[in-house]
Amino acid sequence: MQTPIVIKELREQPFEEIIRLNCEDEMLKFKAPVLGKGQTAIIPLTQNVRLAYLSGIPLETYKMQYNQYYNNNVLLTISMKGDLVHEWDYTATSKISTRQSFMYNPQGEDSFFIAEKGKKFEQVTLIFSKADFLNVVDKFFDSDQKSEKKKCIDAVFSKSAKGAIFDISKVITIVIKQVLACRLKGNFRKVYMECKLYEIMAHYLNAISSVKQQELKFSTEDVQKLQEAKNLLQNLDQILQLSVKELCKKIGLNRFKLTMGFQAIYNTSVIKFYHQSVLEKAFEELHHNKTDSITNIAIKYGYGTTQAFSTAFQKQFGIRPSEVQ
């Protein structure tokens, strides 16, 4: 990676053009010599919790100071597309890949994210005050769930680590896209956005509290093989007769380590992840391909009938294939 250009604020850049999109939020398209083309927005989810959106294809590698406005806030960054690097005090770094997230709490340290030249990225950050974050967490745990609650809080406020990286479900990125596309106004919008905040946090906190890393021990090589299995499943374009035994043989892990390790690290079963991955591709095709029939798309992604495809699709996304816009 080339030496990045340090940017303190977006507004310091000599923009060639800025276009405000026709919506209630300040969603802006921009074009600049260093930042390239992109979009940015700050969207209130509640009175005190905001969602910051930024996407682009940089013309040069740049490093943006990330805590300049949000010091002492809790920040939950989600990578929706591309790879980003977060840097703390010019030393500690964390790479966040597509569908990973990083929750942290700057407390006086400088924090940056680095966007690489020519590589498209899309990221969202939820911004909480400490009090608001703790109030949100409180809503998800009963009084007898102290250990689960502590795990979620420690992911942010741990004294031994700046934060933690988690793989997130596609559901969260779909919810975020719904937030970005929302055109409701007034109280309808207010209630809708608050619901979306809790929907995102429900999936996120569930992922943190469900990981039982202390009960399972995997070597670095095991984790790499589990990542290989995940990548392999994500690259398959159809629902086929997948054999867990064949997958174990292909990546060199026994059945216990594959099934238990996959569940522990990715918070889902191997087969469920596989089916979700294929359905996510079908969702994207339905969104972009307005000419092909649902039946043809169902067949393309390995479903024997439109009904089977529609049932699986609605179970995962909460809408029918015909309702995808």
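Coordinates for the structure precede this section.
Residues numbered from 1 in each chain as written. Predicted model: local features only at pLDDT ≥ 70, side-chain atom pairs only at ≥ 80, totals over all residues. Heavy atoms only, no water.

Quick notes on the pattern of salt bridges
Formally: A pairing counts as a salt bridge when a side-chain nitrogen of Lys or Arg comes within 4 Å of a carboxyl oxygen of Asp or Glu. Each helix corresponds to a stretch of at least 4 residues labelled H or I by DSSP, and each strand to a stretch of at least 2 residues labelled E; elements are numbered beginning at the N terminus. To sort residues, take the accessible area from a 1.4 Å probe on protein chains only and compare it with the maximum for the residue type: under 20% means buried, over 50% means exposed, and anything in between is partly exposed.
What the rule picks out here adds up to 11 salt bridges. For E280, the salt bridge identified is with R99, shortest N-O distance 3.2 Å. Here R99 lies in the loop between β9 (92–96) and β10 (100–104) and E280 lies in helix α8 (residues 270–288), a separation of 181 residues in the sequence. Like R99, E280 is buried. Here E285 and K300 are joined by a salt bridge, their closest N and O atoms 2.8 Å apart.

Comments concerning the packing of helix α5 (residues 220–234) against α8
Rule in force here: Fitting a line to C-alpha atoms yields each axis, with helices limited to the stretch in contact; the angle taken between N-to-C directions then spans 0 to 180 degrees. In this scheme the handedness of a crossing depends on how the near helix is turned from the far one: anticlockwise by less than a right angle means left-handed, clockwise means right-handed. The criterion used for residue contact is that any of the two residues' heavy atoms lie within 4.5 Å. Charged residues are taken to be Asp, Glu, Lys and Arg, nonpolar residues to be Ala, Val, Leu, Ile, Met, Phe, Trp, Tyr, Cys and Pro, and polar residues to be all remaining types, Gly included.
At a minimum axis separation of 9 Å, α5 and α8 run at an interaxial angle of 40°. Crossing of α5 over α8 shows right-handed handedness. Residue-level contacts link K230, L233 and Q234 of α5 to V270, F273, Y274, S277 and K281 of α8. Partitioned by chemical class, the residues of the contact of α5 with α8 number 4 nonpolar, 2 polar and 2 charged.

Points about the side chain of S79
Formally: In protein, a polar contact requires one atom able to donate a hydrogen and another able to accept it; more generally it is a pair of N or O atoms within 3.5 Å, and residues adjacent in sequence count only if both atoms are side-chain atoms.
Residue placement: S79 occurs in strand β7 (residues 74–81). You can call S79 buried: its relative accessible area is 0%. In this structure the side chain of S79 is engaged in a polar contact, spanning 3.0 Å, whose partner is the backbone oxygen of G82. At 3.4 Å, the side chain of S79 forms a polar contact with the backbone oxygen of S97. In contact with S79, not counting residues within four places along its chain, are I96, S97, T98, R99, Q100 and E122.

Observations regarding the packing of aromatic side chains
Heads up, the rule is: Only centres within 6.5 Å qualify two rings of Phe, Tyr or Trp (six-membered ring in Trp) as a pair; their planes then separate them into stacked at under 30 degrees, edge-to-face at over 60, and tilted for everything else.
The tally for this structure, following the rule as stated, stands at 12 aromatic pairs. Their ring planes at 25° and their centres at 4.8 Å tell us that F102 and Y104 sit as a pair that is stacked. In this structure F102 comes out as buried when scored by relative accessible area, which is 2%. Residues F128 and F133 carry aromatic rings whose centres are separated by 5.6 Å and whose planes lie at 75° to one another, so their mutual orientation is edge-to-face. Of the two residues, F128 and F133, neither departs from the other in class, the shared state being buried.

Regarding the packing of α5 against helix α6 (residues 244–251)
The condition is simple: Working definition: roughly parallel below 35 degrees, roughly antiparallel above 145 degrees, roughly perpendicular at 65 to 115 degrees, and oblique for all remaining angles.
Where α5 meets α6, the closest approach of the two axes is 10 Å, and the angle between their N-to-C directions is 125°. If you check the angle between α5 and α6, you find them oblique. You can see that α5 and α6 cross each other, and the crossing is right-handed. Across from K225, E228, A229, L232 and L233 in α5, the residues of α6 making contact are L247, K250 and I251. Along the lines of polarity and charge, the residues of the contact of α5 with α6 split into 5 nonpolar, no polar and 3 charged.

Let's talk about the layout of surface pockets
Stated formally: A cavity here means a set of points on a 1 Å grid, drawn over the protein atoms and nothing else, where a 1.4 Å probe fits but cannot get out; a pocket is an open set with protein on both sides within 12 Å along at least five of seven lines, and a residue lines either one if it has an atom within 4 Å of a point. Grid points are joined across faces, edges and corners, and a volume is the space filled by probe spheres set on the points.
Here the largest pocket is characterised by a volume of approximately 1,400 Å³. What lines the largest pocket is a set of 46 residues, among which M80, E122, K177, E284 and H287 lie closest to the centre. Put simply, the parts of the chain that give the lining of the largest pocket at least two residues each are β3 (28–32), β4 (36–44), β5 (50–57), β7, α3 (170–181), α5 and α8. Here the lining of the largest pocket gets 7 residues from one element, more than from any other, and that element is α3.

Describing the environment of L45
Relative to the assigned elements, L45 resides in the loop between β4 and β5. Spatially, the C-alpha atoms of L45 and C195 are 8.6 Å apart, while their sequence positions differ by 150 residues. With sequence-adjacent residues up to four places away left out, L45 is seen in contact with R50, L51, L126, V179, K190, M193, E194 and L197.

A closer look at the nonpolar core
Where we set the bar: Buried Ala, Val, Leu, Ile, Met, Phe, Trp, Tyr and Cys residues that are joined via side-chain atoms within 4.5 Å together make up what is termed a nonpolar core.
If you look at the biggest cluster of nonpolar residues, it comprises 39 residues, and the most contacted ones within it are L126, F128, F133 and M201. Of all the secondary-structure elements, those providing two or more residues to this core are β4, β5, β7, β12 (121–128), α1 (130–138), α2 (146–157), α3 and α4 (186–210). Among the elements that make up this core, the one with the highest residue count is α4 (7 residues). In contact with M201, other than residues within four places in its own chain, are L76, M103, L126, F128, F133, V136, F140 and N206. If you look at the next biggest cluster of nonpolar residues, it comprises 28 residues, including Y274, L279, Y303 and F313.

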